[in-house]
Amino acid sequence: MNRTIVITGATRGLGLELARKFIKAGDKVFGISRTREHWTAARKSIGSGNFLLFCGDITSEKKVKELLGKIVRDAGRIDILINNAGYCGPLARVEAVSAKELTEHLAQNLLSAFLMCKYAIPAMARQERALILNISSMAGTRAVPRLFPYSAAKSGVLALSQAIAKENDGTGLRCITVCPGGMNTEMRRELFGAEDAAKQQTPEFVAGVIEQIVNGTVDVLSGGHIVIRHGKITGIFPPPAA
Ligand SMILES: NC(=O)c1ccc[n+]([C@@H]2O[C@H](COP(=O)([O-])OP(=O)(O)OC[C@H]3O[C@@H](n4cnc5c(N)ncnc54)[C@H](OP(=O)(O)O)[C@@H]3O)[C@@H](O)[C@H]2O)c1
């Protein structure tokens, strides 16, 4: 379809599956991640020259500004931005959470998505149509015990999307939040082990629903969010008009 799509965390898990879907649809994907050693496997798995990877930690304002500036100069536009990169640290009760761990969760999930939006919106708002998809979590819609820092950061992601949607109401720029339940990815494996991860929905399934949102076959209003759990869409908020 020849769209320019920016995906953070595009080298594994959900981000890699999203890159695969959009490359297959004929789009150009600009992926961002920190670890170059993972790029060979990601590139091999996608196998297309339209998958361009950039190295950077998106918690750095300087880096985000530089990367987005370069992408906009190269591609001339950003049709879709998917803020997918995230972090979930070890399980701990609130009284055992360190201030450092809370700060890390806020930086890796909320500050990063905010910075990407802050520096992408000026270019995206100039276009007739553009879409920001922020990946939150079911944990962002209701707190999960022993995952307070993650839940708090992901709930902030919902607030970010809602503010962007309202601020750009009546323009061509839309912003939607995607809230998956558990997925079989490295993040889940690290947190709950391989056996548990294998029982979760696949990132391919969630990427497929996101592709449907982008293509309009699943209708989510700007400022709204969708919950995808156990391989099903379990809620769209606000519900689509009957
Ligand atoms: N897995 C689940 O069960 C689950 C459930 C609900 C929601 N989610 C959310 O879904 C999204 C994708 O999760 P996932 O399970 O696919 O994650 P994952 O397997 O841990 O992959 C994360 C990706 O993000 C990149 N990344 C992480 N921090 C980054 C940073 N600061 N700067 C640039 N790149 C960064 C990683 O590459 P590098 O390490 O090389 O940078 C990697 O490519 C996340 O937002 C997550 O919170 C996951």
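Structure: above.
Now for a description of the structure that goes with this document. Since this is a predicted model, take the numbers as computed values, not measurements. (Residues numbered from 1 in each chain as written. Predicted model: local features only at pLDDT ≥ 70, side-chain atom pairs only at ≥ 80, totals over all residues. Heavy atoms only, no water.)

Another aspect to go through is the nonpolar core. If you look at the biggest cluster of nonpolar residues, it comprises 34 residues, and the most contacted ones within it are Ile7, Phe51, Ile82, Leu133, Ile213 and Ile226. Discounting residues that sit within four places of it in the chain, Ile226 has contacts with Thr177, Val178, Cys179, Val209, Ile213, Val218, Val220, Ile233, Gly235 and Ile236. Formed by 26 residues, the second largest nonpolar core is a distinct cluster that contains Val64, Leu81, Cys117 and Leu160. (Core = buried A, V, L, I, M, F, W, Y, C linked by side-chain atoms within 4.5 Å. Buried < 20%, exposed > 50% of the residue type's maximum accessible area, 1.4 Å probe, protein only. Contact = heavy atoms within 4.5 Å.)

Attention shifts here to the side chain of Asn84. Of note, Asn84 is situated in the loop between β4 (80-83) and α4 (99-125). The exposure class assigned to Asn84 is buried, which follows from its relative accessible area of 12%. Once residues within four sequence positions are removed from consideration, Asn84 is found in contact with Ile7, Thr8, Gly9, Leu14, Gly15 and Ile135. (Helix = DSSP H or I, 4+ residues; strand = E, 2+ residues; numbered from the N terminus.)

Before going further, it helps to spend a moment on the state of the cysteines. By definition, a disulfide links the sulfur atoms of two cysteine residues through a covalent bond. Tallied over the entire structure, the rule returns 0 disulfides. For Cys88, which is in no disulfide, the shortest distance to another cysteine sulfur is to Cys179 and amounts to 14 Å. Its sulfur unpaired, Cys179 is 12 Å from the next cysteine sulfur, which belongs to Cys175. Overall, the relative accessible area of 0% leaves Cys179 in the buried class. (Disulfide = S-S within 2.5 Å.)

Tracing the sequence through the fold places Leu16 in helix α1 (residues 13-24). Taking the C-alpha atoms as reference points, Leu16 and Arg77, separated by 61 residues in sequence, lie 21 Å from one another. If we ignore the near neighbours within four places in the chain, the residues touching Leu16 are Gly9, Ala10, Thr11, Ala42, Ser45, Ile46 and Phe51.

Pairing is mixed in the open sheet, where 8 strands are placed in the order β3-β2-β1-β4-β5-β6-β7-β8. In this open sheet, the two strands that pair with only one neighbour each are β3 (51-55) and β8 (232-237). On average, each strand axis in the sheet is inclined to that of its neighbour by 20°, with strand direction left out of account. Of the pairings in the sheet, the one linking strand β1 (residues 4-8) to strand β2 (residues 28-33) comprises 5 bridges and is parallel in character. Bridged to Thr8 within β2 is Ile32. Packing against the sheet, α4 makes contact with β1, β2, β4, β5 (130-135) and β6 (173-180), and its axis sits at approximately 175° to β4. (Pairing = 2+ DSSP bridges. Axes fitted to C-alpha atoms, helices over the stretch in contact; angles between N-to-C directions.)

Here we take up helix α3 (residues 61-75). The terminal C-alpha atoms of α3, which comprises 15 residues, lie 21 Å apart, in line with the 21 Å expected from a rise of 1.5 Å per residue. Along α3, the positions that sit buried rather than exposed are Val64, Leu67, Leu68, Ile71 and Val72. For α3, the angular spread of buried residues about the axis comes to 130°, placing them on one side. Structural note: α3 exposes Lys62, Lys65, Arg73 and Asp74 on the side pointing more than 90 degrees away from its buried face. Looking at the buried side of α3, the elements it contacts are β1, β2, β3 and α4. (Expected span 1.5 Å × (residues − 1). Arc of directions from axis to C-beta.)

Limitation: the analysis is restricted to geometry and does not speak to function.
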